[in-house]
Amino acid sequence: MTDQDKQGDRSASSMRHLVGASPAARKVAGARHNPSVVGYEQTAPRWLREVAGVAWRLLVVVAALAIVFYATSRVQLLFIALFIAFVFTAVLRPFVDVLTRVMPRALATAVALLSGIAVFAGLLTYVGYSVASQWDALSKQFGNGIGEITKFLQNGQLPFTITNDQIVQWIDTGRQWVEQHAGDLASQAAASAGSVVQVFTALALAVFCTVFFLARGHDLWTWFLNQLPVRVREGWQVAAGAGWYTFSGYTRGTVIIATTDGLLAFIALSIIRVPLAAPLAVLVLIGAFIPLVGAPAAMVVAMIVALAANGPISAGVVGICIALIGQFEGHILQPLVMGRQVSLHPVVIAIVVTAGTLTAGILGAVIAVPLVAVAWAIFSKLRRMDPPMDDAQEAESDTDVEYPDSGIILEAQ
C-alpha cells in the first residue's frame, strides 16, 4: 500500500470519527462547514422561523386581496351590476320556480320581472302621492313645530339658553357658506348627475343579466363547470352551492326583514300621526339593507320630523317605537328568517359594516356583510376541522401546563 493510500485511509477514518463526535469537536475540526457531514445549519430559532413563515404567507394573501380590490375598483360599475343581478335572481327565483310549473320558464321569468317592476313602481307612486297630498298641511305643521322648538330653546328648562339673535346668526352663517361654496356645490351636482346615469346603466345591465340567470342559470353554470378540469369540478360545485345558499338566504331574509320593518314603521307613524308616514316607512325599508345601523338611522329621521311637526312628546313616542322594532327584529325576525344561513356574530357584522363603509361608503356597507357571509360559508364547507374540545378537556387545559420536550406536567397552583 502506498503512502497516498495510507493517508486517504487515515482521512476517511478521521471523518468517520468526526461524524460521531460532539458538536464542539466538530466545530474545532472545521467539519461544521461541510453539510454532507453534519447536515444543514439552523441560523434562526424555531419560533422566529414559524413567525416568518406565517408573516410571508399573510403578506401574499394581503397582496392578493389588494389586487382583487384594485381590479374591482377599475370595473366598479360592472361589479355593482352583477351584484344587483344576483340580488334580483335570489329574490325572484322562488317565484319563477313556482310559475314554471304552469308555464314555460321564459314566460315565467318575464312575468316575475314585470311583477317586481310593477311593485317597485307602485311603491314610488304611492310615496309621491303621499308627499303631494300632504305638502300644504305639512309646511304649516313644520312652521309651527319649528316655532315651538325655538321657544323651547329660548325659554325652556335647559342648562343653557339660546337666543333668537343666535339662531338668526346661525342661519346667516349657513347662507353665507352656501354662497361661498356655490361653485363646489354646482360641480358636485353635475357629478351627481353623472352618477345618476351610471346608476341607470347599472340597473339596465343588472336586469339584462337577471333575465339570463333566471331563464338559463343552470345551463350557464354547467357550461362554466365544463371549462374546468374534472378533478376540480366537485370542489367548485360544493363551494358554489354553499355560497349561493348563504347569499340567497341572506338576500331573501333581508328583503323580508326590511319589508316588515317598513310596515311596522308605517303603522306606528300613522298611529302617532307623524307627517309623511309613507315616505318615512320607505326610508326605513331602504335603511334595513344596511345591517345594524340602517333602520335605526332612518327612524331617527322620523323622530326629527315628529319633533318638528308635533313636538317632543311625539318624538319620544317615535323613539320608543324605534327601540321596540329593533328588539322585535333582533330577537324574533333575525333568528326566524335567517336561521343558520348567515352565522356571523353581531360583533363581526359591526366590524364588517364599518370596514365596508370606510372602504366604499354606503355601497360598501350594503355589500360587505353578504360577501363576508358567502366567503365564510365557502371556507366552512371546504375546511377540515379537528374534533371540538369538550368541557373536561378545556378545564384540564386551563389547570395544567405541559412541557412536551421534557415530558413534565406541572399543575397550576
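Residues numbered from 1 in each chain as written. Predicted model: local features only at pLDDT ≥ 70, side-chain atom pairs only at ≥ 80, totals over all residues. Heavy atoms only, no water.

**Overview of the overall build of the protein**
- Scanning the protein from terminus to terminus reveals 14 helices and 2 strands.
- When the 413 residues of the protein are sorted by exposure, 24% land in the buried category.
- Put simply, of all contacts in the protein between residues at least 6 apart along the chain, 59% involve residues at least 24 apart.
- Just so you have it, the protein exposes about 28,400 Å², and 67% of that area is on carbon and sulfur atoms. (Helix = DSSP H or I, 4+ residues; strand = E, 2+ residues; numbered from the N terminus. Buried < 20%, exposed > 50% of the residue type's maximum accessible area, 1.4 Å probe, protein only. Contact = heavy atoms within 4.5 Å. Areas by Shrake-Rupley, 256 points an atom, 1.4 Å probe, with all protein chains shown as cover.)

**Structural notes on helix α10 (residues 277–287)**
- For α10, the tally of buried residues reaches 8 of 11 residues, placing the bulk of the element in the interior.
- Within α10, the full set of buried residues consists of A277, A278, P279, L280, A281, V282, V284 and G287.

**Regarding unusual backbone geometry**
- Positive phi values are uncommon outside glycine, yet R273 reaches one of about 65°.
- Relative to the assigned elements, R273 resides in the loop between α9 (230–272) and α10.
- According to the relative accessible area criterion, R273 is exposed, its value standing at 68%.

**Points about a nonpolar patch on the surface**
- A contiguous nonpolar patch, built from V75, L78, L82, F86, L205, V207, F208, V211, F212 and L220 and spanning about 790 Å² of accessible area, is present on the exposed surface.
- With 6 residues, the single largest contributor to the nonpolar patch is helix α8 (residues 182–226).
- By secondary structure assignment, the location of L205 is in helix α8.
- Judged by relative accessible area, L205 falls into the partly exposed class, the value being 32%. (Patch = residues over 30% accessible without salt bridge, like charges linked within 9 Å, V, L, I, M, F, W, Y side chains within 5 Å. Salt bridge = Lys/Arg side-chain N within 4 Å of Asp/Glu carboxyl O.)

**Observations concerning the nonpolar core**
- With 20 residues, the main nonpolar core has L269, V274, L280, V284, M299 and V318 as its most contacted residues.
- Of all elements in the fold, only α9, α10, α11 (294–310) and α12 (312–338) reach the threshold of two or more residues within this core.
- It is α11 that provides the largest number of residues to this core, a total of 6 residues.
- When neighbours within four sequence positions are excluded, V284 is seen to be in contact with D261, G262, A265, A295, A298 and M299.
- Grouped together as the second largest cluster of nonpolar side chains are 10 residues, I290, I349, V353 and A365 included. (Core = buried A, V, L, I, M, F, W, Y, C linked by side-chain atoms within 4.5 Å.)

**Observations regarding the pattern of salt bridges**
- In the structure shown here, the tally under the stated rule is 3 salt bridges.
- Note that E50 is salt-bridged to R46, the shortest N-O span being 3.1 Å. Taken together, the positions of E50 and R46, both in helix α4 (residues 46–74) and 4 residues apart, correspond to about one turn of that helix.
- On the accessibility criterion, E50 (45% relative accessible area) is partly exposed.
- Among the ionic pairs, D97 bridges to R105, the shortest N-O distance being 3.2 Å.

**Some points on the confidence of the model for the protein**
- With 69% of its residues at a pLDDT of 70 or more, the protein shows a mean pLDDT of 76.
- Contacts of residues 28–32 to residues separated by more than four positions or lying in other chains number 9 contacts, the stretch itself having pLDDT below 50. (pLDDT = per-residue confidence, 0-100.)

**Here we look at the packing of aromatic side chains**
- A complete count under the given rule lists 9 aromatic pairs for this structure.
- Geometrically, the ring pair formed by F224 and W236 is edge-to-face, given 5.4 Å between the ring centres and 70° between the ring planes. Here the residue F224 occupies a position in helix α8, and W236 occupies one in helix α9, the gap between them amounting to 12 residues.
- When its relative accessible area of 29% is taken as the criterion, F224 is described as partly exposed.
- Taking the relative accessible area as the measure of exposure, W236 reaches 42% and is therefore partly exposed.
- Linked through ring pairs, F83, F86, F213, W244 and F247 together constitute an aromatic cluster. (Phe/Tyr/Trp six-rings, centres within 6.5 Å; stacked < 30°, edge-to-face > 60°.)

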